[in-house]
Amino acid sequence: MADGMTQQDSPDQRNQDNTAPLRLGKLHYAWIVAATGSIAMFCGLGLGRFAFGMLLPSMSPSLGLNYTQSGILGFTNLIGYLVAVLLSPFILPRLGTRTTATASLLLIAVSMFGMAFTISFPILCALYVLTGIGSGGVVLPVMSVMSHWFFPSHRGLALGLVMARPGFGIILSGFVVPKLLPISTLLSWQTGWLIFAVINIAVAWLTFTLIRNHPDNVSQSPFGRAPTLPVKNKKKLERSNIKLLVHLGVIFAIYGATYMVYVTFIVTSMVGSYQLSEAAAGGVWAWIGLLSMFSGMLFGWISDHIGRRLGLALAFVFLASAYLLVGLTDWHSGLYLSIILFGLVVWSVPVIMAASAGDYFGPAAAASALAALTFAFSGGQALGPVAAGYLAEITRDFSISYMISGIVAFVALGLALLLRPQKQA
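Bear in mind the structure is a predicted one, so any value in this text is a computation, not a measurement. (Residues numbered from 1 in each chain as written. Predicted model: local features only at pLDDT ≥ 70, side-chain atom pairs only at ≥ 80, totals over all residues. Heavy atoms only, no water.)

Caption draft 1: Layout of the nonpolar core. With 127 residues, the main nonpolar core has Trp-193, Tyr-255, Tyr-259, Ile-266, Phe-316 and Phe-342 as its most contacted residues. Top contributing element to this core by residue count: helix α9 (residues 242–272), with 16 residues. Here Tyr-255 is in contact with Met-260, Phe-316, Leu-319, Val-346, Trp-347, Val-349, Pro-350 and Phe-377, once residues within four sequence places are set aside. (Core = buried A, V, L, I, M, F, W, Y, C linked by side-chain atoms within 4.5 Å. Buried < 20%, exposed > 50% of the residue type's maximum accessible area, 1.4 Å probe, protein only. Helix = DSSP H or I, 4+ residues; strand = E, 2+ residues; numbered from the N terminus. Contact = heavy atoms within 4.5 Å.)

Caption draft 2: Region of the structure containing a nonpolar patch on the surface. A cluster of nonpolar residues, Ile-79, Val-83, Leu-87, Phe-90, Ile-91 and Leu-95, forms a patch on the protein surface that exposes about 440 Å² of accessible area. Of note, Leu-87 is situated in helix α4 (residues 67–116). For Leu-87, a relative accessible area of 42% corresponds to the partly exposed category. (Patch = residues over 30% accessible without salt bridge, like charges linked within 9 Å, V, L, I, M, F, W, Y side chains within 5 Å. Areas by Shrake-Rupley, 256 points an atom, 1.4 Å probe, with all protein chains shown as cover. Salt bridge = Lys/Arg side-chain N within 4 Å of Asp/Glu carboxyl O.)

Caption draft 3: The arrangement of the packing of α4 against helix α8 (residues 188–210) in detail. At a closest axis distance of 8 Å, the pairing of α4 and α8 adopts a crossing angle of 165°. By the angle class used here, α4 and α8 are roughly antiparallel. In this structure, the crossing between α4 and α8 has a hand that is left-handed. Taken together, the residues of the contact of α4 with α8 sort by class into 19 nonpolar, five polar and one charged. (Axes fitted to C-alpha atoms, helices over the stretch in contact; angles between N-to-C directions. Parallel < 35°, antiparallel > 145°, perpendicular 65-115°, else oblique. Left-handed = near helix turned anticlockwise from the far one by under 90°. Nonpolar A, V, L, I, M, F, W, Y, C, P; charged D, E, K, R; others polar.)

Caption draft 4: Region of interest: helix α10 (residues 278–306). Taking 1.5 Å as the rise per residue, α10 with 29 residues should run 42 Å; its terminal C-alpha atoms sit 41 Å apart, in good agreement. Ser-292 marks where α10 bends most, by close to 30°. (Expected span 1.5 Å × (residues − 1). Bend = angle between axes of the 7 residues up to and from the residue.)

Caption draft 5: View of helix α2 (residues 29–47). End to end, α2 covers 26 Å across 19 residues, agreeing with the expected 27 Å (1.5 Å per residue, within 8%). Residue Met-41 marks the point of greatest curvature in α2, where the axis turns by about 30°.

Caption draft 6: Focus on the pattern of salt bridges. Enumeration according to the criterion identifies one salt bridge in this entry. Between Arg-308 and Asp-304 there is a salt bridge, and its shortest N-O distance comes to 2.9 Å. Judged by relative accessible area, which is 2%, Arg-308 ranks as buried.

Caption draft 7: Quick look at the packing of helix α3 (residues 51–63) against α10. In contact at an axis separation of 11 Å, α3 and α10 are set at 170° when each is read in the N-to-C sense. Judged on the interaxial angle alone, α10 and α3 are roughly antiparallel. Judged by the twist between their axes, the crossing of α3 over α10 is right-handed. For the pair α3 and α10, contact is made by Met-54, Pro-57 and Ser-58 and by Glu-278, Gly-282 and Trp-285, respectively.

In structure tokens, the structure reads:
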């Protein structure tokens, strides 16, 4: 693998990122980068992806979408996300996190403006591909840059902070979308896309203003306890690590497929199978967002203390239970318990995987390792909704899809326990 695919920031690119940053007293600038990255993730994931699940029930009847088409629309978003993952190892060394994330947020805004003014399914799919490219162009750079700004002692916690904001996007869509009203000739879901586009533009400006690519840009060292053991910091992935990368990739792919089925169709299930009103379903959906704001920090902190391997295993216990509760039962208390379990753990796996990329492969190779892992993750995300939509066409609900998700989540739990513990630093 070429060095250009494995190094986050080239020396030339670092020198270009020398504008004076914001100072907040004695606060380490790493936390400003993490907080800004968190807000960018609010748009990249919270609005760019998860708002779709809330808008889908109102979009489907006005556009005449069936279950399969809904799954295909979700698939197109993930195709775009996958394109971003493939391109990011080439773009990041040249542009860095700051410019890449800013441009990606603007791309999301443009695509959302387009979706607000089209009723054509093919055009909608094409625009949602662009949204997916923008989402991937935010997620991978923001997550991987934390390996530069934080030592392993605080890396999981920092990544948990970064992943807290997408939950706010879920809350916003859960409460705001059901209250949207048609404006002039625009339907409520079209109004929603317009509002989200404007928010993305504002956050793009904030990202460019505050994000810095490396501690060298502000004459600081990474935050946390410096490792007592030598830090692996090679610029490319070693051949001996490919097996470990594949192992982690399979786990991440399982998570991607199962969680994407849940977030894409759980609101549809609440309205259809559980007979909740759209407003009530939005309120329940918002609870996922509220709980998820703490999930990344909670499991990032847990994995900092008990290790990434056991942290992953614990996360999949929660996920498998959440899936099986809605797959095997049709009572409302089971739904609510599933929502609580899922919300508490939803961002745990991406946080632990991003931290693992830095821990196992070193900060310099973290971006390329995370790109490879995210490629597997994206593949799982792409296949999950399509398969679930196809099964729903046959069975008329998503119970079987949730049951299968629960079973494979237990498989991922076993694979997590087979990982070797990383050396303690």
